[in-house]
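Residues per chain are reported as follows:
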Amino acid sequence: MSPVIPLRLQPQDGGCADAPVLRERGQREVFCGLTGIIWLHRKIQDAFFLVVGSRTCAHLIQSAAGVMIFAEPRFATAIIDERDLAGLADANEELDRVVTRLLERRPDIKMLFLVGSCPSEVIKLDLSRAASRLSQRFNPSVRVLNYSGSGIETTFTQGEDACLASLVPELPPAPASSAPELMVVGTLADVVEDQFARVFNQLGIPVRFFPPRQANALPPVGAHTRYLLAQPFLADTARALEGRGAQRLPAPFPLGVEGTMAWLAAACDAFGVSRAQLEAVTAAARERAGAALARQRAQLENKRIFFFPDSQLEVPLARFLSREMGMQLVEVGTPYLHRQHLAEELTMLPAGTRLSEGQHVENQLDRCQAEQPDIVVCGLGLANPLEAQGLTTKWAIELVFTPIQGFDQAADLAELFSRPLTRRLKLAA
Ligand code: SF4
C-alpha cells in the first residue's frame, strides 16, 4: 500500500485547523537528537553532556559545534568501542570510571546528562540505571540524569525535548498554597529570555524559565503553574509537566509580531492582565519591529516557499512568513505535527495550505522540483544538491541556533529568508 494519503487541495474556511495532512513514511534525512547538545550546553551553564556513543557521534557534535572550542568544554563523548559492542567488556564499569574521572577533574559540573546514542541502544546499555547509580554515588554535589539523543529515536530538536523531559522529575514541587506562576518552557537565547523577562515584569506576571541557566535554579512546578511553550517540539516535556499538575496556556509561538503578541496575550488572559496594559507595554517594541519588517516584506512578498520536514518549527515559521511577510506557501512539511500544540498556528495558516507530516525524501524532492519554489527550507544534506539544481535554500538548523523569538528579533528572522534570495539575485545579475 502506498504510504501517501491523497491530499484534499480545495481551499477551506478556518485556516488549516482540520485540513488533511499528507503523511510520509520513508527515508529520512535529519540530524539526530545529539545535535541539541549544541544549544543546551550553552543554556544550562553548569551542566555537562556526556554522549555514550561512537566516534561518529563524537564527530557529529564536534563538527556541529564548529568553532566553539572552550578551554573547559561542556560536552564530550565516552566512546563505546568494538570490545563493548562485542560484549567483551563491561560497559557499565567503563562508564563509571569515565564519569568518576570527569567529575573529579571538574568540580564545577553540577548536573551531568548521560546521553544515549545508536550504539548505546544497540548494546542495550541501561543509562537510566547508570544515572541513578552515579547520582547516588555523587549525591548531593552532582545530579546525574539521562536521555536518548539517538538517531533511531530522535530528530534533532527532539533531543531538547528528551533532555527537558528528563529534567521535569527533578523540578521542586511548588507549595500548594503558592500563587500562580508562569513558566516559559523551551530553550531561548539569553538575549531573548532577558527581553521576555522584562516584558512579563512590566506586565506584573511572575515568570520562571525552563531550562534555567544554572542547574540549581530549577523552577518549582505544581497545580499553580501555567506554562507557555516557547518551542513547538516539546511534546514529551509538556506531558511530563502536566503530570506534575502544570497547565499549558494554548497560544501560537512567539515568532513575528503577531505570534509574539498572541503568545504574550495568552499569559495576560491567564493572569488577569488587560489587553490595554499589554498594548501599552509592548507599543514601542511593536512599532520598531513593524518598521523593520516592512523593509523585509519588500524582499519577500509573493515569493514561494517550500518547507522540507526538519525542525518542527515549520508551521509557526510558515504562519509568520505568509501572514506578516506575504509569502506563498507551496508546501509545509514537518517531521511531526502536534495537533494540540499547533492548534492556534494551524487556524492561522491560509486555507488550502499543503501540509505534510513525516519524511519521504524522494517524494518530497519530486514535489519540490515540480513546483520550483523561490526558496526551500531544508536540512544540510539536501541543501547542496538543491542549490546545484538552481534552487535557493535555507538551512533549517540555522533557525534553531539563531535568536528569532520576540519583537526585537522578528526582522532578523525575516532576514534569514531574504538574505539567500538577495544573494541569488546578485549572483544571477
Ligand atoms: Fe549517528 Fe546515531 Fe551517533 Fe547520531 S546517535 S551521530 S545518528 S550514530
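Residues numbered from 1 in each chain as written. Predicted model: local features only at pLDDT ≥ 70, side-chain atom pairs only at ≥ 80, totals over all residues. Heavy atoms only, no water.

Caption draft 1: Quick look at the pairing of strand 2 (residues 47-53). Taking burial as the measure, the 7 residues of strand 2 include 7 buried ones, the bulk of the element. Residues Ala47, Phe49, Val51 and Gly53 point to one face of strand 2 and Phe48, Leu50 and Val52 to the other, with burial holding for every one of them. The pairing of strand 2 with strand 4 (residues 111-116) spans 6 bridges and is parallel. In the sheet register, Phe49 faces strand 4, and the bridge partner there is Phe113. Of the strand pairs in this sheet, strand 2 and strand 3 (residues 75-79) are connected by 5 bridges, and their pairing is parallel. (Buried < 20%, exposed > 50% of the residue type's maximum accessible area, 1.4 Å probe, protein only. Helix = DSSP H or I, 4+ residues; strand = E, 2+ residues; numbered from the N terminus. Pairing = 2+ DSSP bridges.)

Caption draft 2: Fine view of unusual backbone geometry. With an omega dihedral of 0 degrees, the bond running from Asn139 to Pro140 counts as a cis peptide bond. Of note, the bond from Phe210 into Pro211 is cis; its omega dihedral lies within 30 degrees of zero at 10 degrees. Tracing the sequence through the fold places Pro211 in the loop between strand 7 (207-210) and strand 8 (225-229). In this structure, Asn302 takes a positive phi of about 65 degrees despite not being glycine. Along the chain, the position of Asn302 falls in the loop between helix 11 (275-300) and strand 10 (304-307). On the accessibility criterion, Asn302 (51% relative accessible area) is exposed. If you check the backbone angles, Gln312 has positive phi at about 70 degrees while not being a glycine. Among the structural elements, Gln312 can be located in the loop between strand 10 and helix 12 (314-323).

Caption draft 3: Looking closely at the side chain of Thr154. Mapped onto the elements, Thr154 comes out in the loop between strand 5 (143-148) and helix 7 (158-167). Polar contacts involving the side chain of Thr154 include one to the main-chain amide nitrogen of Gly33, which spans 3.0 Å. (Polar contact = N/O pair within 3.5 Å; in protein donor to acceptor, adjacent residues only side chain to side chain.)

Caption draft 4: Inspection of helix 7 at higher detail. Burial analysis of helix 7 places 9 of its 10 residues in the buried class, the great majority of the element. Those residues of helix 7 that sit buried are Gly159, Glu160, Asp161, Ala162, Cys163, Leu164, Ala165, Ser166 and Leu167. Looking at the buried positions of helix 7, the neighbouring elements they touch are helix 1 (37-43), strand 2, strand 4, strand 5, strand 7 and helix 9 (235-243). (Contact = heavy atoms within 4.5 Å.)

Caption draft 5: Inspection of the packing of aromatic side chains at higher detail. Applying the stated rule across the entire model yields 8 aromatic pairs. Taking the centre distance of 6.5 Å and the plane angle of 90 degrees together, the rings of Phe31 and Phe156 count as edge-to-face. Here the residue Phe31 occupies a position in the loop between strand 1 (22-25) and helix 1, and Phe156 occupies one in the loop between strand 5 and helix 7, the gap between them amounting to 125 residues. Three or more aromatic residues joined by ring pairs form one cluster here, namely Phe31, Trp39, Phe156 and Phe401. (Phe/Tyr/Trp six-rings, centres within 6.5 Å; stacked < 30°, edge-to-face > 60°.)

Caption draft 6: Representation of the site of the ligand in the model. In the region of the ligand, the neighbouring residues are Cys32, Leu34, Cys57, Ser117, Cys118, Ser150 and Gly151. When the residues that make up the shell around the ligand are grouped by side-chain class, the tally is 4 nonpolar, 3 polar and no charged. (Near = heavy atom within 4 Å. Nonpolar A, V, L, I, M, F, W, Y, C, P; charged D, E, K, R; others polar.)

Caption draft 7: Representation of the sheet that holds strand 6 (residues 181-185) within the structure. Across the sheet, which stays open at both edges, the 4 strands sit in the order 7-6-8-9 with parallel pairing between neighbours. Each end of this open sheet is capped by a strand with a single partner; those strands are strand 7 and strand 9 (247-248). Taken together, the 5 bridges between strand 6 and strand 8 define a ladder with parallel strand orientation. Looking at the pairing, Glu181 lines up with Thr225 of strand 8.

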